[in-house]
Amino acid sequence: MKKQSIVIAGGGSTYTPGIVMMLLDNLDKFPIATLKLYDNDPERQGVLAKALELVLKEKAPDIAFSYTTDPREAFENIDFCMAHIRTGQYRMRELDEKIPLKYGVLGQETCGPGGIAYGMRSIGDMIELIDYMEKYSPNAWMLNYSNPAAIVAEACRVLRPKAKVINMCDMPVGTLRRMSQIIHKEPKELTVNYFGLNHFGWWTSVRDTEGHEYLSEIREYVAEHGYLTQIEVDTQHMDQSWQETHKKAKDLLAVAPEFLPNTYLKYYLYPDYVVEHANPEYTRANEVMAGREKQVFDAARKIVATGSFREGDFHIDNHALFIVDLARAIAFNTGERMLLIVENNGAIANFRADAMVEVPCIVGSSGPEPLCQGTIPTFHRGMMEQQVAVEKLIVEAWVEGSYQKMWQALTLSKTVPSAKVAKELLDELIEVNREFWPELH
Ligand code: NAD
Ligand code: LMR
């Protein structure tokens with residue numbers, strides 16, 4: 001097996017240690033020659049990189065490890081870029097979540113006005129990363145987790161249609177783990193059918209290796225408990241706010257009982273509930289800063305201070321879990337079946353061909369091949385038409401610098417009550433995002 005060379009873009013991400021631990025756990029299946037970290041914030045990346053340097057020295061001294069803020073050094077001679085950047089960092093996530101709440105609208109990282117604001121920040125930086133990769137390692141693939149994945153994926157389709165970029169999400173993986181607990185199976189034993197947009201989709205089938213269908217059994221459980229399970233199945237989606245989200249899946253199912261819903265549909269089906277239960281002074285960004293970010297950076301600082309690493313200091317989470325399967329599928333043509341965000345082109349038969357949709361794909365060395373999911377019902381299709389139009393308008397607004405299209409995008413979002421509120425929100429979001437958004441006219 002050829003040893004692979006990897007750069008992790010967003011080296012200072014809270015998820016970087018988890019991904020590195022995952023890679024180290026799978027060296028027999030996915031051997032690594034070189035591992036580099038790349039970030040545009042040297043201080044933030046430095047804390048994690050110094051700790052990971054010690055971990056690698058101990059666990060895999062043969063891997064050439066380095067970290068840099070220089071794009072050429074980062075992107076030269078690589079096979080894969082695993083990207084998870086956050087343009088504007090947590091400071092901006094906090095504003096994305098808190099500003100909409102002032103107008104009685106939900107504030108969320110990837111959904112509604114917060115996600116729209118974040119999308120407008122991410123597009124330019126993601127295109128820059130793709131261009132670095134294509135310049136310095138034209139044969140490499142980018143496996144992108146950076147959010148908001150739906151808007152980033154649409155921007156890639158429009159602006160870099162030939163680039164070797166695969167956009168993906170860990171939420172379906174995390175929820176499938178919960179489903180596997182419900183039916184006492186291992187996630188790897190299950191094959192699913194699914195259709196939707198990113199953070200906006202439904203499972204239509206969950207089968208085991210013998211082909212037994214579990215949809216009804218899981219639906220019965222979810223109708224009562226949502227995706228809340230007794231056993232800890234997740235290292236990532238365990239905070240209080242996530243427990244409420246898993247539970248709320250019960251009410252999502254009640255609206256459209258035939259299929260199993262993605263948890264993020266809560267923001268589109270029950271935006272009033274989300275606003276009523278939000279604390280405008282303390283949102284998810286605050287919870288993550290006080291939780292995951294603090295834990296990861298404290299652990300890194302401790303490793304550096306003591307010069308030693310203990311198992312359990314860094315965790316492998318959902319985010320890392322299937323990134324290795326995906327990289328292996330491309331590097332060694334394994335034909336793995338995975339949910340990915342790809343151009344529709346008929347995979348959902350009665351949905352627009354040029355939408356970026358989330359469906360099962362077979363992945364080999366030439367990338368993902370989407371599997372046809374047939375036709376979808378009017379309710380689901382109607383919701384998806386509205387949401388995909390929002391995502392397309394945002395990318396058009398970014399490209400054209402169009403204030404009008406941004407106003408339309410916010411107006412069309414199911415989370416915003418009127419064009420008036422959309423305009424007020426847009427004007428405030430423009431003010432705080434001047435450093436990141438293109439100028440709108
Ligand atoms: P984080 O802020 O801890 O890390 C992001 C890092 O990216 C920071 O160190 C930042 O300095 C760096 N960065 C920002 N712009 C950059 C650029 N242009 N070039 C290089 N580095 C840059 O954020 P996090 O909470 O660890 O999340 C990282 C990303 O992963 C976010 O986009 C988040 O939304 C995403 N995420 C995706 C999924 C998914 O399944 N798709 C799940 C969870 C998180
Ligand atoms: C995160 O933890 O930041 C993401 O997994 C999404 C979220 O809001 O929890």
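Residues numbered from 1 in each chain as written. Chains lettered and ligands numbered in written order. Predicted model: local features only at pLDDT ≥ 70, side-chain atom pairs only at ≥ 80, totals over all residues. Heavy atoms only, no water.

Caption draft 1: Region of interest: the overall build of the chain. Helix and strand counts for the chain come out as 17 helices and twelve strands. For a compact globule of 441 residues, the expected C-alpha radius of gyration is about 22 Å, and the chain comes in at 21 Å, within 12% of that figure. Expressed along its principal axes, the backbone C-alpha trace of the chain runs to roughly 55 × 55 × 40 Å. Scored against the burial criterion, the 441 residues of the chain give a buried share of 59%. Restricting to contacts in the chain with at least 6 residues of sequence separation, those with at least 24 account for 72%. Element-wise, carbon and sulfur atoms account for 49% of the exposed surface of the chain, whose accessible area totals about 17,600 Å². One finds the centroid of the 46 positive side-chain charges in the chain at a distance of 1 Å from the centroid of its 61 negative side-chain charges. (Helix = DSSP H or I, 4+ residues; strand = E, 2+ residues; numbered from the N terminus. Rg over C-alpha atoms; globule rule 2.2 N^0.38 Å. Buried < 20%, exposed > 50% of the residue type's maximum accessible area, 1.4 Å probe, protein only. Contact = heavy atoms within 4.5 Å. Areas by Shrake-Rupley, 256 points an atom, 1.4 Å probe, with all protein chains shown as cover. Lys, Arg positive; Asp, Glu negative; His and termini not counted. Charge placed at Lys NZ, Arg CZ, Asp CG, Glu CD.)

Caption draft 2: Region of interest: the UniProt feature "binding site: Mn(2+)" (unreviewed entry) in the chain. Taken from the UniProt record, the annotation "binding site: Mn(2+)" (unreviewed entry) applies to Cys169 and His199. Spanning 31 residues, the annotated positions come together in the fold, the maximum distance between their C-alpha atoms being 8.2 Å. Lining the largest cavity, out of the annotated residues just given, are His199. With respect to the helices and strands, the residue Cys169 is situated in the loop between β6 (165-167) and α7 (171-182). The residues touching Cys169, leaving out its near neighbours within four places in the chain, are Asn198, His199, Phe322 and Glu358. (UniProt positions renumbered as here; feature names shortened; annotations may be inferred. 1 Å grid on protein atoms, 1.4 Å probe; cavity = no way out; pocket = protein on both sides within 12 Å on 5 of 7 lines; lining within 4 Å.)

Caption draft 3: Molecular detail of the UniProt feature "active site" (unreviewed entry) in the chain. Under the UniProt annotation, "active site" (unreviewed entry) lies at Asp170 and Tyr264. Taking the farthest pair of C-alpha atoms as the criterion, the annotated set spanning 95 residues converges on one region, since that pair is 12.1 Å apart. By secondary structure assignment, the location of Asp170 is in the loop between β6 and α7. Here Tyr264 is to be found in the loop between β9 (260-261) and α10 (266-269). A relative accessible area of 8% places Tyr264 in the buried class. In this structure Tyr264 touches Gln108, Thr110, Cys111, Met171, His199 and Trp242, once residues within four positions along its chain are discounted.

Caption draft 4: Representation of the environment of Gln404 in the model. Structurally, Gln404 can be placed in helix α16 (residues 403-412). Taking the C-alpha atoms as reference points, Gln404 and Thr69, 335 residues apart in sequence, are found 36 Å from one another.

Caption draft 5: Highlighting the site of ligand 2. Around ligand 2 sit Tyr15, Arg86, Arg93, Glu109, Gln236, His237, Trp242, Tyr264, Arg284 and Arg292, and that is every residue in its neighbourhood. Within the contact set of ligand 2, an oxygen atom lies 2.7 Å away from a side-chain nitrogen or oxygen of Trp242. With respect to ligand 2, the side chain of Arg292 contributes an N or O atom lying 2.4 Å from an oxygen atom. Considered on its own, ligand 2 offers 260 Å² of accessible surface; in the complex 94% of this is hidden by protein. Tallied by class, residues from the shell around ligand 2 come to three nonpolar, two polar and five charged. (Near = heavy atom within 4 Å. Polar contact = N/O pair within 3.5 Å; in protein donor to acceptor, adjacent residues only side chain to side chain. Nonpolar A, V, L, I, M, F, W, Y, C, P; charged D, E, K, R; others polar.)

Caption draft 6: Molecular detail of the sheet that holds β9. What the three strands build is an open sheet, ordered β7-β8-β9; its pairing is antiparallel. The open sheet is flanked by β7 (191-197) and β9, the only strands paired with a single partner. Strands β7, β8 (200-207) and β9 of the sheet are contacted by α7, whose axis makes an angle of about 40° with β8. (Pairing = 2+ DSSP bridges. Axes fitted to C-alpha atoms, helices over the stretch in contact; angles between N-to-C directions.)

Caption draft 7: Region of the structure containing the site of ligand 1. Neighbouring ligand 1 are 26 residues; Ser13, Thr14, Tyr90, Tyr118 and Asp170 lie closest to it. One of the backbone N or O atoms of Gly12 is found 3.5 Å from an oxygen atom in ligand 1. Separating an oxygen atom of ligand 1 from a side-chain N or O atom of Tyr118 is a distance of 2.6 Å. Taken by itself ligand 1 offers 860 Å² of open surface, and the protein chains cover 98% of this. Those elements that place two or more of their residues in the shell around ligand 1 are α4 (89-102) and α5 (112-136).

Caption draft 8: Here's a closer look at the environment of Glu186. When you line up the elements, Glu186 lands in the loop between α7 and β7. Note on Glu186: relative accessible area 51%, which makes it exposed. For the pair Glu186 and Thr34, spaced 152 residues apart in the sequence, the C-alpha separation amounts to 32 Å.

Caption draft 9: Representation of empty space enclosed by the protein within the structure. One pass over the full model with this rule turns up one cavity of 30 Å³ or more. What the largest cavity holds in volume is close to 140 Å³. The wall of the largest cavity is formed by 18 residues, among which Thr110, Ile151, Tyr268, Gln387 and Glu391 lie closest to the centre. Listed by contribution, the elements that provide at least two residues to the lining of the largest cavity are α5, α6 (149-159) and α15 (378-400). With four residues, the top contributor of residues to the lining of the largest cavity is α15. Taken together, the residues that form the lining of the largest cavity break down as nine nonpolar, eight polar and one charged. (Points joined across faces, edges and corners; volume = space filled by probe spheres on them.)

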